[in-house]
Structure formats: structure tokens, C-alpha cells
Amino acid sequence: MKNAALMKHSKEEKHGLRIDRIIINSILILSFFSSSLIHSQIPINGFCGFKEFQVKPNQVKFLPVDFNSDGWRDFITFNQTDKNYSTYTWDKNKLSASSTRYFSISLFDLHIAGSDDSRGKKYAYISRKDREAGFVSFSKSGGVSVLSKLKFDSYPSSIDVADINKNGRPEILISGSNFNGLSIISEDKSKLTEQIVDKNNLYSYSSFVDLDYDGYNDIVAIDLLKNAAVIFNNNRSGGFYQARSIGLRDDLTEFKIADLNSDGYSDLIFATQNGFQLFLGDSVSTYRKKLSINTNETPDKYTILDFNGDGYNDIAYINKESGRLFVLFAKSTNEFYPPIVYFERKGIVDLVSFIDRSGRKIAVLDLTGKIYLIERVTEIENSSIALALKPGIVGTFSLPNSKIKGLYVLDNNQMKIHFLLSRNGLFDTYHSRNLSGSYSNVTVDEIKRAPKTFYFYSKGENVIEMLRINFTRSESSKRVLYTNGTIHDLKITSDRVKDMQTIFVLTENDSKLYIETFDFRDFRYLSSGAEEISPGIEQASLAFSLYKEIYHITKNEKDLLLKKSVFNRKVQSEETLLTKQISNNSRIYSDVESFSDESINENLTASWFSDRNITDLYLYIRKRLNKITFKDFTPTIGSMKYFDGEDENSLLLYDGNKGKLRQVDVSSLGRIVNVSDIFESKSIISYIVDRLIGNKDFLIYVDSSDNLIKIKTLR
């Protein structure tokens, strides 16, 4: 299927060609070539599915809780200052409506505190506003009860929980940037007591961890003023003493302890303005071995889990200012792939990760009242995919030894092309490549099984970028070309035996239509040329038959004309297929596209003319011209697609103003068999209809309302 952009400039809206790039009767070729290895084919194992749920707005903290022990995660949300919270129960692949409850305490943070009991799920809590900490329990319906609490004279903001003396009752570790020192809260028959570990310093974060692996939890606390990780050893009698400290280079945004590299030892993970500092544990917790991961954006919040299930722990993090979610997938125990940015949502404030009955998940909360879930795509039907900040053109391509087609999407924000490959499973591999610009059209050379060559361009511009990728050998090469005039259409011919390609480009210069050619062998430029076709050009499209057939809409003072020019080194013939008269007060929009119908080995050319919301569609095949008129339907320029089905072939047109995607079923003689509206949405940026897998027809489109790639089953 031909992939074309939906948002095209009309004749009056086309960008002017830069004067310094116009070279009459010659072709300008950019002296830019690159060849490199592909370093970032990342095994995401389908971890790119997206779901979104509405929750109460202005919440800044949330927690996954399995209230009713059914194996699915429910959620608690709160804003850390008000004396209420909201609960949401997972039910049949969605969250229930909000249930907001009053609570006598302003929750700042919660931490699970042991197994369930008759009163429900037990959690430790801190309240910064109320200057207290304690234990609460949540019932199966989400109701909360205070079990015990203790007041302070300063403001706690960091909490951790562990059974430090092995008596079966959890202790709470309390600290904070405005809390006096470091304290441990113990529970005895619903009564809480405070043990002060240090009262002279400010600790922004603190955590229990068994550093010497003797079965007793020690403490690592971050001294805010000294910017150091202070280690307090457990004396096995309930007391703690300061053993040593580790100086930190950068100011921290967050701190966690986890066995990141899965070697059985606890690692210290510090998030800083520049990325992550990892202090890797060993048998005696010397933390001499360090690992740095630099990131382009500050990780304000992060979570650790093996998201792709390959046995290595990964890191997901958010940057609050940009509103972006990133995932660092581990390459090995001590290496990480470059971060993948999943989406951008302004106002995100918190993230968590968890595993429930359907697998591993990342959840992100934003202030507008949304919870976003990232999970593994297990079924391609009716799925949403998050892998680009501002996705543009979406398309498919065949892959060697794969029953599922590859998927690509252009990211106009990052100037990248993102690939999802399905080698051993659905979307199991992710890869991206930087592009030199933003483009609205992509053509894929499908002649060779490998490598694949992608051609990027925009109608109304004069740049062609070529990207050749061998996914099997992890190699890629790139070239950028400039044409004489602005581009109307691009088609390629390819000889896979000799590895020769010819690019045919229909261009416009000074309102005249030209055909420009570029010859390549082994992806090296050989020659080029240009020939004039016709004056007064409006739209044009190219088809291959015995010779090149050029279908173009031209304009004179009274008429719009659809013409066919046959080209073989020069124009051999020209005929007018139809004429549309232009009235004085009319504004006619038009478009033309040519498609190759492989099932009948013929070309079909579709053109339409729209005036006052009435559209005449013409189909030209086997030298026959068929017409149908649509009322109250005006296609978006550049939105025509052609789908070769097994039983029937279809032309698709999209009216962006009405939000209707219309399917016109066509016989082998070009007769219109049936017309139906198959989908409605006013936010489609680009789309294709294809068979990604099996015999099912899928609509794959980019939704501008949420910047997601969406896949719907048509039949």
C-alpha cells in the first residue's frame, strides 16, 4: 500500500522553493552519506501497550493496592495535603469510578507493612502536614482505619518499613528534608515508640537494607547538607551506630536501594540532575564499583522492574518539566540501552511499577486526573501503542522470516523513525534512527528481503532522504538528495540482482511539471536527469506500465484538466481524460494518486474534485473512467490509499473535517461495487489498512488527540 501524508498543502499553500537551492536544468545532490552499525535494537518484548484511565484531578501521589486479593491492582490517589483520598477498583480491564473518602489524616506517603490480617491490608503512613506517622489498614472496599499513630515536632517526608529485630512486627524508618534527624518507630500492642538514631542532621531519604548480610537490617540515609550517603550499622541488639559515609558528586532527586544487577547484593541507586549514579554492592558492601548513566533529561521520579522479562532489571523514569516517560532497558547486568521515550503528558507527577495477573506494568499519574498504563501488547487487535512524542506517518514493511509485518512511525518532534519488529513475538524488538528533517511521506523498497530502503520526502519540498537498513546484520546507511523543484510524487524501480535503483520524482518548478531521475548502484549515486512534462501544474502522480504514465491535474483560466502523459525518455503522448469547468465564485480542491494493483497486474489512478462540499471521484483503469459523486464529503488532500484484498480491492479516502474514513470497493474493471464509512475520528494524522498478521484487515493510524499509534480490526 502506498503511504502518504494526510496533511498536505493545497496549491495556494505550498511552500516556496528556496532560491539558493534552485539549479535550472541540473540536479543538486547533497554531499552527505553515512554508514553505521545499528547499536540499539532493543528487546522490549512487546512492552509498548498503552491504556488511559480517568481519576480525580489534582492528585500528586498514588499507590497500587490489591484491596480484594483478586490478583489485580487497584489504586489509591491523594494530594498529600487534604484529608481525603480516592480509591479505584480494577474490574474487567478498566478502573471503577472514583470513590472519594474523608480521612482524619492528610496522607503524604504510604508503604506496605506486612501481610494481611483480619482488619485488612496493613500500611505504614506519614503525614507531613499533621507531623505524624503510624499504621493504617485498608478494607476490601478501600475503607481505611487508623491502627496507631505518633506525633512529631518536625515534618517527615521519607518512609521505609522492615522488621529489624525479627519479632514479627514491622518498624518504620522516618526522615525528611525538614525532619529532625533519623527515627525508628516501633509498635507494641498498638502503641508506638520512637527510637532516635540521629537528631543532629537532616536526611532527605533513608532506607533499611542488610549491608553485611547477617540477617539484620542496617540503614542508609542521605545527609542533605553534606550530600553524602551515611551508613548506620545494626548492632543486633536494636541499636544503630554510624559506620561510614559515601560522598556524592551531584545533588539527588531521588534515592532507592535494590539489587539492580541481580547479583544478590544490594545496590545504591541515586537519581541526579544528569542521570543515575549506581553504587554496586558486593559481599561486604564496599560500594567501590560505580556505574553512571547519563540522561538528557533529569529523572525526577523512577522505578525499577524487569519490564521486558529478560532477567535484567530496567529503569523507568519521568521528567516532570517535559512530562515525558522514559525506560532504560538493561542490556546486561551492568549495561543499558539508550532510553526510549514513550510519551509526553504535561502535568505528570508520580510513577510506580508492579506485576499483576496480566503481567508487568508502569503506571503514571498526572494532575489533570489521568492514570497512564504501559504494558505488554499481547493481542494486536484494538491496541494502542506509545513510542513517539509526536508521531506522524505510520506504515508497515515485510520482514524476512517473520509472519508479522514490521511497523514504523515517524516522530516529528524528535526527527526520528521508530521501528517495531516482530521476530519471535509481537513487537519484540524496538529500533530507531535519527533523520535529517521532518517528512510527510515515506516509500519503502520492498523488492529485496534485506536490506530495506526507506525514502522520506514531503510534497511541496525538495529534499529526499534515503535510509537503508539491514536489521539482520545491524547495519545502516543514509543519503540525502535535493531535487530541482518541489516534489509532487516519488516512485522507485529496483533491480535486486544488480542492486540498482532508480528514483523517479515528479517535481514542480515555475508552475511547470518535470520528471527527475536518480540512478544508484550499491547505494552509490551514478547519474541523474530532468525532463519537462507540462505547464500549469496543480497535482501529479506517477505510475509504471510499459512506459512511465504521468497523471496530472493542470489549470488554465477556465478549467481544471486531468491529463495522462506517457513518458519514455521524453513525452511520447498526452491526452486529456476529463475537464472540470471553473466558475467565477468556485474554489475547487483536487487530488490525484496512482496505485499498482498487484492482484490484476494493473494500475489504478484515482482523482477527485471537490466544490462546495460535493466531491466527484474518478477511477481510471484499463483505459476506462468511472465516476461517483459524494455529497457532504471532502477528502483531505493526500489521504487516498489503496488496499489489495484477497476478495476485493478498496480505495480509501479520509475527510478530516467530518472525521469519516470512507471505503470504496472496486472491481477489476474499476467499477465501484460498494461505498461505506468504516471508521470515524477527527484526529487521524496518517493511516494505512494492511494485514499485519494472518488474513485480518487492520486499520493502523496515528491519533493526534493523544499521540498514540492505534490498531483496529476492520474484518
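Criteria and cut-off values
- Residues numbered from 1 in each chain as written.
- Predicted model: local features only at pLDDT ≥ 70, side-chain atom pairs only at ≥ 80, totals over all residues.
- Heavy atoms only, no water.
- Domains from an automatic or database assignment.
- Contact = heavy atoms within 4.5 Å.
- Buried area = accessible area lost by both parts, 1.4 Å probe.
- Salt bridge = Lys/Arg side-chain N within 4 Å of Asp/Glu carboxyl O.
- Polar contact = N/O pair within 3.5 Å; in protein donor to acceptor, adjacent residues only side chain to side chain.
- Helix = DSSP H or I, 4+ residues; strand = E, 2+ residues; numbered from the N terminus.
- Pairing = 2+ DSSP bridges.
- Axes fitted to C-alpha atoms, helices over the stretch in contact; angles between N-to-C directions.
- Phe/Tyr/Trp six-rings, centres within 6.5 Å; stacked < 30°, edge-to-face > 60°.
- Buried < 20%, exposed > 50% of the residue type's maximum accessible area, 1.4 Å probe, protein only.
- Lys NZ or Arg CZ within 6 Å of the ring centre and 35° of its normal.
- Core = buried A, V, L, I, M, F, W, Y, C linked by side-chain atoms within 4.5 Å.
- pLDDT = per-residue confidence, 0-100.

Engineer: How do you make sense of the domain arrangement of the chain when you look at a structure like this?
Structural biologist: We note that the domain assignment places domain 1 (103–248), domain 2 (250–344) and domain 3 (379–434 + 684–714) within the chain. The distance between the C-alpha centroids of domain 1 and domain 2 comes to 24 Å. Counting residues at the interface gives 14 residues for domain 1 and 19 residues for domain 2. Interface of domain 1 and domain 2: buried area, both sides summed, is about 1,300 Å²; carbon and sulfur atoms make up 65% of it. Ranking the residues of domain 1 by area buried against domain 2 places Tyr205, Tyr213 and Leu248 at the top, with a combined share of 40%. Our enumeration of links across domain 1 and domain 2 arrives at 0 salt bridges. Across the contact surface, domain 1 and domain 2 share 5 residue pairs in polar contact (both at pLDDT 80 or more). At the level of secondary structure, the elements contributing two or more residues to the side of domain 1 that touches domain 2 comprise strand S15 (203–209), strand S16 (218–223) and strand S18 (240–247). In terms of residue count, S15 provides more of the side of domain 1 that touches domain 2 than any other element does, 4 residues in total.

Engineer: Is there a simple way to explain the sheet that holds strand S50 (residues 624–631) in this structure?
Structural biologist: Hydrogen bonds between backbone groups are what pair the strands of a sheet, and the pairing can be parallel or antiparallel. Overall, antiparallel pairing links the 4 strands, which are arranged S47-S48-S49-S50 in an open sheet. One side of each edge strand has no neighbouring strand; the edge strands of this open sheet are strand S47 (589–597) and S50. Adjacent strand axes in the sheet meet at a mean angle of 15 degrees when their direction is disregarded. Summarising the sheet, strand S49 (residues 614–621) and S50 pair through 8 bridges and their orientation is antiparallel. When the sheet's bridge partners are listed, isoleucine 614 is paired in S50 with lysine 631.

Engineer: How should the packing of aromatic side chains be read in this particular structure?
Structural biologist: Note on aromatic pairs: each is described by the distance of the centres and the angle between the planes. Throughout the structure, instances matching the rule amount to 36 aromatic pairs. On the numbers, 5.3 Å between centres and 25 degrees between planes, the contact of phenylalanine 47 with phenylalanine 307 is stacked. Taken together, the residues span a long stretch of sequence, with phenylalanine 47 in strand S2 (residues 47–54) and phenylalanine 307 in the loop between strand S23 (301–305) and strand S24 (314–319) at a distance of 260 residues. Comparing phenylalanine 47 with phenylalanine 307, the two get one shared label, buried. Geometrically, the ring pair formed by phenylalanine 255 and phenylalanine 270 is stacked, given 5.0 Å between the ring centres and 20 degrees between the ring planes. Note that phenylalanine 255 is positioned in strand S19 (residues 252–258) and phenylalanine 270 in strand S20 (residues 267–272), a separation of 15 residues in sequence. When sorted by exposure, phenylalanine 255 lands in the same class as phenylalanine 270, which is buried. What links up through ring pairs into an aromatic cluster is the set Phe67, Tyr85, Phe103, Tyr123 and Phe138. Sitting above the plane of the tyrosine 302 ring, lysine 256 keeps its charged end 5.4 Å from the centroid. Between arginine 662 and the ring centre of phenylalanine 633, over which it is positioned, the NZ or CZ distance is 4.1 Å.

Engineer: In this structure, what is going on with the pairing of strand S9 (residues 132–138)? I would like to understand it.
Structural biologist: Strand residues, when the strand is regular, have side chains that alternate between the two faces of the sheet. Most of S9 is tucked away, with 7 of its 7 residues classed as buried. Where burial is concerned, the two faces of S9 agree: the one with Glu132, Gly134, Val136 and Phe138 and the one with Ala133, Phe135 and Ser137 are both buried. Count of turn residues in the strand S8 (residues 121–127)/S9 antiparallel hairpin: 4 residues, of which arginine 131 carries a positive phi of about 55 degrees. The turn joining S9 and strand S10 (residues 144–151), which pair antiparallel and follow one another in sequence, is formed by 5 residues; a positive phi near 95 degrees is taken by glycine 142.

Engineer: Teacher, can you tell me more about the side chain of lysine 563 here?
Structural biologist: Within the element layout of this structure, lysine 563 appears in strand S45 (residues 559–567). Taking the relative accessible area as the measure of exposure, lysine 563 reaches 16% and is therefore buried. In this structure the side chain of lysine 563 is engaged in a polar contact, spanning 3.5 Å, whose partner is the side chain of glutamate 574. Setting aside residues up to four positions removed in sequence, lysine 563 forms contacts with Ile550, Tyr551, His552, Thr554, Glu574, Glu575, Thr576 and Leu577.

Engineer: In this structure, what is going on with the pattern of salt bridges? I would like to understand it.
Structural biologist: Should their charged atoms come close, side chains of opposite charge can pair. Enumeration over the complete set of coordinates arrives at 29 salt bridges. Residue arginine 236 is joined to aspartate 214 by a salt bridge in which the shortest nitrogen-to-oxygen separation is 3.0 Å. Taken together, the residues arginine 236 in the loop between strand S17 (228–234) and S18 and aspartate 214 in the loop between S15 and S16 connect sequence positions 22 residues apart. Residue class for arginine 236 comes out exposed when judged on its relative accessible area of 52%. Where aspartate 611 meets arginine 612, a salt bridge forms, and the shortest distance between an N and an O atom there is 3.1 Å. Look at arginine 612 and you get exposed, because its relative accessible area is 53%. Linked by salt bridges that have partners in common, Lys51, Asp356, Lys361 and Glu375 make up one network.

Engineer: Please explain the nonpolar core as it appears in this structure.
Structural biologist: Soluble globular proteins tend to pack their nonpolar side chains together in the buried interior. Counting 43 residues, the largest nonpolar core has Leu325, Phe329, Tyr342, Ile362 and Phe427 as its most contacted members. Viewed by domain, this core spans two of them, domain 2 (250–344) and domain 3 (379–434 + 684–714), each represented by three or more residues. What tyrosine 342 contacts, discounting residues up to four positions off in sequence, is Phe47, Cys48, Leu325, Val327, Phe329, Ile374, Ala386, Leu387 and Ala388. Residues Phe397, Ile417, Leu421 and Val444 belong to the second largest nonpolar core, which totals 20 residues.

Engineer: Sorry if this is basic, but what is going on with the confidence of the model for the chain here?
Structural biologist: Close reading of the predicted structure is inappropriate where its pLDDT is low. Scored by pLDDT, the chain has a mean of 90; 94% of the residues are at 70 or more. Taken together, the stretch residues 1–36 has pLDDT below 50 and engages in 112 contacts with residues farther than four places along the chain or on a different chain.

Engineer: Where do I start with the environment of aspartate 160 in this structure?
Structural biologist: Along the chain, aspartate 160 turns up in strand S11 (residues 158–162). Along the sequence, aspartate 160 and proline 170 sit 10 residues apart, while their C-alpha atoms lie 9.9 Å from each other. Here histidine 111 takes part through its side chain, which lies 3.2 Å from a polar atom of the side chain of aspartate 160. A polar side-chain atom of aspartate 160 sits 2.7 Å from the main-chain amide nitrogen of phenylalanine 208.

Engineer: For this particular structure, what's the right way to read the side chain of asparagine 470?
Structural biologist: By secondary structure assignment, the location of asparagine 470 is in strand S37 (residues 463–470). Using a relative accessible area of 9% as the deciding quantity, one classes asparagine 470 as buried. Only 2.9 Å separates the side chain of asparagine 470 from the backbone nitrogen of arginine 473, close enough to count as a polar contact.

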